[in-house]
Amino acid sequence: MVTGIVAFSLFIGGLAQWQSSDTGEGWRFAGYIQRWGPCVLVCYIAAAVGVILLGWHCFTLAGKITSIARLLKEKLTAENANKGIKIGNSALSAVKKPAIIKELNQAIEQLLAKSSEHIAHLENQIKDLQIQIQLSQRREKNTEAIIYSIRDAVIVIDEFDKLLMANEAAGKLFGFDFKDSRQKTISELIGADHRKFADLISHSRQTGGRATRQEVEFFQEGTPKAFDCIISRVYDQAERICGVVAVLHDITREKEISQMKNDFVSHVSHELKTPLASIMAYSEMLSDGEANDEQTRKEFYSVIQNQAKRLNRLIEDILNISRIESGLIKIKKEPVSLTILIEEQLQMIKSYAEEKNIEIIGQKPIVFDQVYADKDMISQVIVNLLSNAVKYTRPGGSVTIKTEVDEIAGLAKVTITDTGVGIPESELGHLFEKFYRVEANKNVAKGTGLGLNLVKQIIEKVHNGRVFVESKVGEGSTFGFELPLAAREAVEVTQR
Amino acid sequence: MSGKKVLVVDDEIHIIHVVAIKLRNNGYEVITADNGAEAFEAALKEKPDIVVTDFQMPVMTGLELIEKLRQCEQTKNTPVIMLTARSFAISKEQQESLQIAGCLSKPFSPRELLENIEDILYQRELIVDNR
């Protein structure tokens, strides 16, 4: 067979050479024979023999293939017969062949149909998965949007304490940028100042339940801040903790307000109880017959009356401040002359000043000093400032009241200057706060610490004016206020 | 209990006046002060048998006065009754550590105050007699 292949190759090679010859000189066989003589001839004979042998070999191989095919067919037929499918026997007749083909076609079609169904099912599954992925991404975006829009600091960490999500408030509080901090551990991100928070998170993992709530305090930009910290544990399907969500709500202001409210209630109750204590004690003494003579009884009645008035004033002041702050007070504004109002109030304070041997220096009337104001409220302001001036001035001193008008600026200015004890500079900023009293002057005169706050509320909140104070310890103080002048035309129209 | 000396301290003149009348009517000798610092001076000078003091006063508060009284050998055992308009201003611990004999909240009854003073002084006398 090999010889045959070699000879055949040579034959083909020679043929190819002949066909590609440029000379076109007849048959190359003759050339070869002339050059190589018998050797070539032997080769060609061997080739011929090879071709014959190859042909025989092919013939026998075809016979063998046919036999194998027949055997296979018989075997297949037998197997099908065993399975109950009668598609023919070893000697398949020409009539049965189309039936088998038909059955095969049906089987193939069934297989194809099943495959199509399977493919369609897989395609649906892929679509479902894609939808789920999209939904999951949308949910994540929603969660991110919710977390970013929350004012409270929110931090989400995984089971290894690595940061998954944090909003701007959290970044600001702990001093990190979320974009550069993802997947960093919480201990890497949180400084020593916030160690308590990190400890709280690790502690929360060890405790049971869904959430832990605790108040924590940090320093933020140098100021102490209080936070209501809620740490919620996230559980997986196997009920293992797979993450933690921490929300920190700044309660500093709430605590301050609560403290202010407590202080206010405490102050108010103290101020109310003081005159009430006198009223109750003196009335009990009267009913127990402890006032031995008419003079003592009269004295007791007088104390009760004065303390009741004091109590009423105090309640009125508290209510007025509260009404102004809440915007519930009824305001009746009209053009009023400050000079006239001051004259009226000076008459009221005169006897008190004379008792203390304090000179009151008034002012010359001003042509136009009308302001558009609530008469009763401004009267209250003037009397509060005048009585304070007399109260904190030692006998022999003086109190001067002056009104100035700045027509260009459209302002009327009232100043009340005393030669009293004065106020330390460090306390000037607090004077108009509720219940604030200058410590050093507490023994000089009684007071509730509400009068100046009421002055400020009336001038600034109700009349859009301004209050001011200047003082020097041992020399005296000047308190005053500015109010916008009423328009002349409006005043004339009102007066008509 | 007549003849016993009571120091009454309050920045409210009306309160001092009413307490003083009640006590004097019942045979007590009364000395007064309108702040803690003045009261401490008076306590050293007059050696009262009992002190009745307000809680909130200028210059020196009632608590500061008691602390000073407890630090001084002459006055460390003088019983003190506190009058206060601030409820819960003094804790039980403070009351015990400063040996405050009694606390009355304002508004108070002069009758009740007198009963308290008499009880405390009576118990003091019993302790002294037993020694």
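Each chain has its residues counted from 1, following the order in which its sequence is written. Both sets of labels track the order of writing: A upward for chains, 1 upward for ligands. A pLDDT threshold of at least 70 governs which residues receive local features in this predicted model, and a stricter bar of 80 or more applies before side-chain atom pairs are shown or counted, although totals over entire chains, interfaces and linings include all residues.

When you go through chain A residue by residue, the secondary structure sums to 15 helices and 12 strands. Each of the 496 residues in chain A was classed as buried or not, and the buried ones make up 22%. We call two residues in contact whenever the C-beta atoms placed from their backbones are within 7 Å. Considering only contacts in chain A between residues 6 or more positions apart, those separated by 24 or more positions represent 58%. Secondary structure is summarised from DSSP: a helix means a run of H or I of at least four residues, a strand means a run of E of at least two, and numbering begins at the N terminus for each. The exposure label follows from counting other C-beta atoms within 10 Å of a residue's C-beta, where the C-beta atoms are placed from the backbone and the thresholds are 20 or more for buried and 12 or fewer for exposed, leaving partly exposed in between.

In this section: the overall build of chain B. Broken down by element type, chain B carries five helices and five strands. Counting all 131 residues of chain B, 38% fall into the buried class. Of all intrachain contacts in chain B linking residues separated by at least 6 positions in sequence, the fraction that spans at least 24 positions is 61%.

Many authors give the size of an interface as the accessible area that is lost as the parts come together. Contacts between the two partners involve 19 residues from chain A and, on the opposite side, 19 residues from chain B. Listed by contribution, the elements that provide at least two residues to the side of chain A that touches chain B are α9 (252-287) and α10 (294-326) of chain A. The element that contributes the greatest number of residues to the side of chain A that touches chain B is α9(A), accounting for 13 residues. Considering only residue class, the side of chain A that touches chain B consists of seven nonpolar, seven polar and five charged. In this classification, Asp, Glu, Lys and Arg are treated as charged, Ala, Val, Leu, Ile, Met, Phe, Trp, Tyr, Cys and Pro as nonpolar, and every other residue, Gly included, as polar.

Let's shift gears to helix α14 (residues 451-462) of chain A. Residues and elements named next belong to chain A. With 12 residues, α14 extends 16 Å from end C-alpha to end C-alpha; this agrees with the ideal 16 Å at 1.5 Å per step. Taking burial as the measure, the 12 residues of α14 include nine buried ones, the bulk of the element. All of the buried residues along α14 are G451, L452, N453, L454, V455, K456, Q457, I458 and I459. On the buried face of α14, the contacting elements are α10, α12 (375-391), β11 (466-472) and β12 (476-484). Directly beyond the C-terminal end of α14, a positive phi value near 55° is found at N464. What a helix is expected to span follows from its residue count: subtract one and scale by 1.5 Å.

All names here are of chain A. Whether two strands pair comes down to DSSP finding at least two bridges between them. Spatially, β2-β1-β5-β4-β3 is the arrangement adopted by the five strands of the open sheet, whose pairing is antiparallel. Of all the strands in the sheet, the pair left with one neighbour each is β2 (163-166) and β3 (211-220). Averaged over all neighbouring strand pairs, the angle between strand axes comes to 20°, with direction disregarded. Only the contacting stretch of a helix is used when fitting its axis, a line to C-alpha atoms as for every element, and angles between N-to-C directions run 0 to 180 degrees.

A separate point is the sheet that holds strand β2 (residues 29-33) of chain B. Residues and elements named next belong to chain B. Spatial ordering of the open sheet is given by β2-β1-β3-β4-β5, a layout of five strands whose pairing is parallel. Looking at strand neighbours, the two that pair on one side only are β2 and β5 (100-105), the edges of this open sheet. Here the average twist between neighbouring strands, direction ignored, is 20°. Here strand β4 (residues 80-84) runs beside β5; their pairing, made up of five bridges, is parallel. The partner of L83 across the bridge, within β5, is L104. Strands β1 (5-9), β2 and β3 (50-54) of the sheet are contacted by helix α2 (residues 36-46), whose axis makes an angle of about 170° with β1.

Before going further, it helps to examine the packing of α9(A) against helix α1 (residues 13-25) of chain B. The contact between α9(A) and α1(B) brings their axes to 10 Å, and the two run at 25°. In terms of orientation, α9(A) lies roughly parallel with respect to α1(B). Crossing geometry of α9(A) relative to α1(B) is assigned as left-handed. Contacts between α9(A) and α1(B) involve A277(A), S278(A), A281(A), Y282(A) and M285(A) from the former and H14(B), I15(B), V18(B), I21(B) and K22(B) from the latter. In these notes the angle categories are as follows: under 35 degrees is roughly parallel, over 145 is roughly antiparallel, 65 to 115 is roughly perpendicular, and the rest is oblique. With the far helix as reference, a near helix turned anticlockwise by less than a right angle produces a left-handed crossing, and one turned clockwise produces a right-handed crossing.

On to the environment of T143(A), then. Residue and element names in this part refer to chain A. Structurally, T143 is set in helix α4 (residues 97-149). Of the residues examined, T143 has 12 C-beta atoms within 10 Å and is grouped as exposed. With 22 residues separating them along the chain, T143 and M165 place their C-alpha atoms 9.7 Å apart.

All names here are of chain A. When you tally the buried positions in β12, you get seven out of nine residues, the bulk of the element. Where strand β10 (residues 411-418) lies against β12, seven bridges are found, and the strand directions are antiparallel. Each residue of the ladder has a partner; that of L411, found in β12, is P484. Between the antiparallel neighbours β11 and β12 lie three residues, among them G474 with a positive phi of about 85°.

Time to look at unusual backbone geometry. Across the junction of K106(B) and P107(B), the peptide omega takes the value 0°, indicating a cis bond. Relative to the assigned elements, P107(B) resides in the loop between β5 and α5 (110-130). The phi dihedral of N357(A) falls on the positive side, at around 60°, and the residue is not glycine. Note on placement: N357(A) falls in the loop between α11 (338-355) and β7 (359-361). Residue N357(A) is classed as exposed on the basis of its 11 C-beta neighbours within 10 Å.

Right, let's talk about the confidence of the model for chain B for a bit. pLDDT is a per-residue confidence score from the predictor, ranging from 0 to 100. Mean pLDDT for chain B: 90, with 96% of residues reaching 70 or above. Per the prediction output, this complex has pTM 0.59; the corresponding ipTM is 0.91.

Another point: the confidence of the model for chain A. Residues and elements named next belong to chain A. When the pLDDT values of chain A are averaged, the result is 82; 79% of them are 70 or greater. Model confidence for chain A, summarised as mean pLDDT per element, is weakest for helix α2 (residues 28-36) at 46 and strongest for β11 at 96. pLDDT under 50 marks residues 16-37. Its contacts with residues more than four places away, or in other chains, come to 10 contacts.

All names here are of chain A. For the pair α9 and α10, interaxial distance at closest approach is 9 Å and the crossing angle is 160°. Comparing the axis directions of α9 and α10 gives the class roughly antiparallel. The element α9 and its partner α10 pack so that their crossing is left-handed. Two secondary-structure elements touch here, α9 through V268, E271, L272, P275, L276, S278, I279, Y282, S283, M285 and L286 and α10 through R297, F300, V303, I304, Q307, A308, R310, L311, L314 and I318.

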